[in-house]
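# Results of the structural survey
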Amino acid sequence: MGRRQLVVLIALVAMGAGIVVGLSANKAIWEGWVIDRLFQIRASMGNGQETAPAPVAVVGLDQTSLESERLSRIPRVLMTPVLAEAGQALLDAGAKALGFDFVFAYSADSFVDPSSGEARLSGFDRPFQSFVYRNRGRVFIAHTEIGVPHRSFTAAIGAGGVRSVIVSTDIDGIVRQHEPELPLNESPHLIDALLGASEAEISEAYTAVPNSRLATSLPYMSLIDVLRLKATEEGRKQLEEFSAGRIVLLGGLLPFEDEHLYSDRFLPGIPVDASETGPSGRPRAQPQTAGVFILADLIGAALSDRIAVAPRNGVLVAIAVLFAVAGAVAGLFLPLLVLPVVAVLGGVAGLVLSLAGLEVAVLLAPGVAPVSCISAMVVAAVGKVSILQRRQRSLVRLFGHYLAPDVIRQMATSEQLPRLGGDTRHVVVAFIDIVGFTKMSEQLADQDVVRVVNDCFDAIGQTITKHHGYIDKYIGDAIMAVWNAPNTVENPEKSSVDAAHEIINLLDHIREITGQQGLDLRIALNAGPVLVGDIGGEHRRSFTVMGTTVNTASRVESVAKEKKVRLAISDSVATGLPNDYPVKEIWKGQLRGLSTEISVFTLDSDEMYMEGSEFRSVEQSRQSGSNLVKFPR
């Protein structure tokens, strides 16, 4: 399987994993914490702050009320007349409907003196019973999983007046949403009953989006304040300002009594002077939120469009796909060191998307986008490291003895080797011959000959690969090298001449390591088109170059031998050199086997000439100026 197919396969696997894992993050236990933090970020940005009057208010049986002169002597179970009085005052002040977050499980009418058996409190609850009877459809009382109202109150208010105050929690135990049951007026929930009394239109589950801590922001009045204000004309006006047109909930506000964790837990409170509060103020905010405040907010959020609903079918899938694609692309094509930054950016982008969703009343699961992105990125990165880079390392090991490391990396990355049968490319072909090898081999043992040749080839090969060349083959005591195949070299003529020049400068070092002072080198270079590719059959093949350019390079070596120069280059190589390379013509004519005339050059440098060469030294050449050639570039 080729690199492209592997990349596509890894990308598909990474995207699939990202989509599946990302969608599984929806409703994860940690997602609620992120949602609450989103509410916090939104509130800190000033988004969604309400300007219209709140549609719901709370009247609390708080510590201030219980310690007041009027109520301190009354047991809480005997406060039904007081609650009836306060409730009627609120309705008279214009409240749309009342909800009592009290169960009223006991009736004072049924209490008897244990010593005499006399029902001394008979008729005590009649004011409250009369109150709820008169206001059926506007007043509702609570029941819970373990507590139901006394039958006398149920009879007075009617079956439709007793509604559940049980709130559902998310998987992390925190209250955030409400699912209404239609029709609202017939729903068993107190929230739905009060929404129905306000003629609200809500038909699907929703999450309330609070803007601040409920204990500091919801319109609030102590029960004792209601009782005191109703006694004066001015007070009744204040009650009317507080309750007119609103749903009013009455409930207990003692610390650690009927409290829940709510999604306002990270939100800031608002100053006391900025909140709507009665003369006695409001209780101090507790770590958890009072149940009556939660009921009020779930109702108020629906009435003021401060809600978010689940996205339509397919939206989360589309988001997961989009972020999974981004993560897979990043994991495949970006450096590993950059991926943590991409993960952070993916998380931030997911949160920004969820924040934008809240502005259009849609709660986009905040875990889907970042988890999809990060999961796909990790899978793609692992695939890249374990599969693609493993293949690259295999190629590096395969060609490591032939090409420069940067050339190997380039080939391993692209995996673009010529196909079987070959391609035509412009290359420079070099033949590098060890001069005096035959005479040397006659004087040395076989193993010493092999050692000398290997030492020479090692030094020469390192220089070739250093200058981006490819060792095509070893031919006895000679090396055939190529520039611009199989790798790409920007200027093969310059690279090959630089390599040849450096090899010749290594001659003294080669003589030293081999111990053969009579050893010399001869290099021939020719440039032109060749057939490059894998040559052979299905069972054995080799990578090589073929063509007239190769044959011409071999013939150029014969000119170097005849003229006793260490470097001979054809005019096709010389014309590709920069202007500051002084080349000198050493021969011109028709090479054996060729039909056209060519010129052969060498670099005009002392080390290019062997002993006995007919050409003059550099200093002599400069004095006469003869045979120095500069090609127009």
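To start, this report covers the structure provided alongside it. (Residues numbered from 1 in each chain as written. Predicted model: local features only at pLDDT ≥ 70, side-chain atom pairs only at ≥ 80, totals over all residues. Heavy atoms only, no water.)

For the rest of this paragraph, the subject is the packing of helix α2 (residues 31–44) against helix α13 (residues 339–359). Across the interface, α2 lies against α13 with an axial gap of 10 Å and an inter-helix angle of 70°. On the basis of their axis angle, the class for α2 and α13 is roughly perpendicular. As α2 packs across α13, the resulting crossing turns out to be right-handed. Counting all contacts with α2, which are made through V34, L38, F39, I41 and R42, the residues of α13 involved are L351, S354, L355, L358 and E359. Considering only residue class, the contact of α2 with α13 consists of seven nonpolar, one polar and two charged. (Axes fitted to C-alpha atoms, helices over the stretch in contact; angles between N-to-C directions. Helix = DSSP H or I, 4+ residues; strand = E, 2+ residues; numbered from the N terminus. Parallel < 35°, antiparallel > 145°, perpendicular 65-115°, else oblique. Left-handed = near helix turned anticlockwise from the far one by under 90°. Contact = heavy atoms within 4.5 Å. Nonpolar A, V, L, I, M, F, W, Y, C, P; charged D, E, K, R; others polar.)

Moving on: the pairing of strand β8 (residues 247–252). Where burial is concerned, most of β8 is hidden: six out of the six residues are buried. Because side chains alternate across β8, one face comprises the buried residues I247, L249 and G251, and the other comprises V248, L250 and G252, equally buried. Summarising the sheet, strand β1 (residues 56–61) and β8 pair through six bridges and their orientation is parallel. Pairing of A57 across the sheet is with V248, part of β8. Bridge count for strand β2 (residues 97–101) against β8 is five bridges, and the pairing is parallel. (Buried < 20%, exposed > 50% of the residue type's maximum accessible area, 1.4 Å probe, protein only. Pairing = 2+ DSSP bridges.)

By size, the foremost hydrophobic cluster in this structure holds 40 residues, and its most contacted members are I464, L525, L567 and I569. For this core, the element with the highest residue contribution is helix α17 (residues 446–466), accounting for eight residues. Contact partners of L567, with chain neighbours within four places excluded, come to A500, I504, I523, L525, F601, T602, L603 and M608. Formed by 39 residues, the second largest nonpolar core is a distinct cluster that contains V82, F128, V226 and F242. (Core = buried A, V, L, I, M, F, W, Y, C linked by side-chain atoms within 4.5 Å.)

Scanning the entire structure with this criterion turns up 22 salt bridges. Taking the shortest distance from any N to any O, the salt bridge between R312 and E204 comes out at 3.7 Å. A residue pair is termed long-range when its members are at least 10 positions apart, and R312 in the loop between β11 (307–308) and α12 (315–333) and E204 in the loop between α7 (190–197) and β6 (206–208) qualify at 108 residues. For E204, a relative accessible area of 29% puts it in the partly exposed group. Between K466 and E502 there is a salt bridge; the shortest N-O distance is 3.1 Å. In this pair, K466 is assigned in helix α17 and E502 in helix α18 (residues 492–505), connecting sequence segments 36 residues apart. (Salt bridge = Lys/Arg side-chain N within 4 Å of Asp/Glu carboxyl O.)

Here helix α20 (residues 548–563) is 16 residues long and its end C-alpha atoms lie 23 Å apart, about the 22 Å a rise of 1.5 Å per residue gives. Every buried residue of α20 is listed here: T549, V550, T552, A553, V556, E557, V559, A560 and K563. Down the axis, α20 shows its buried residues gathered within 160° of arc, on one side only. Facing away from the buried side of α20 by over 90 degrees, the exposed positions are T548 and K561. Looking one or two places after α20, you find K564, whose phi comes out positive at around 55°. (Expected span 1.5 Å × (residues − 1). Arc of directions from axis to C-beta.)

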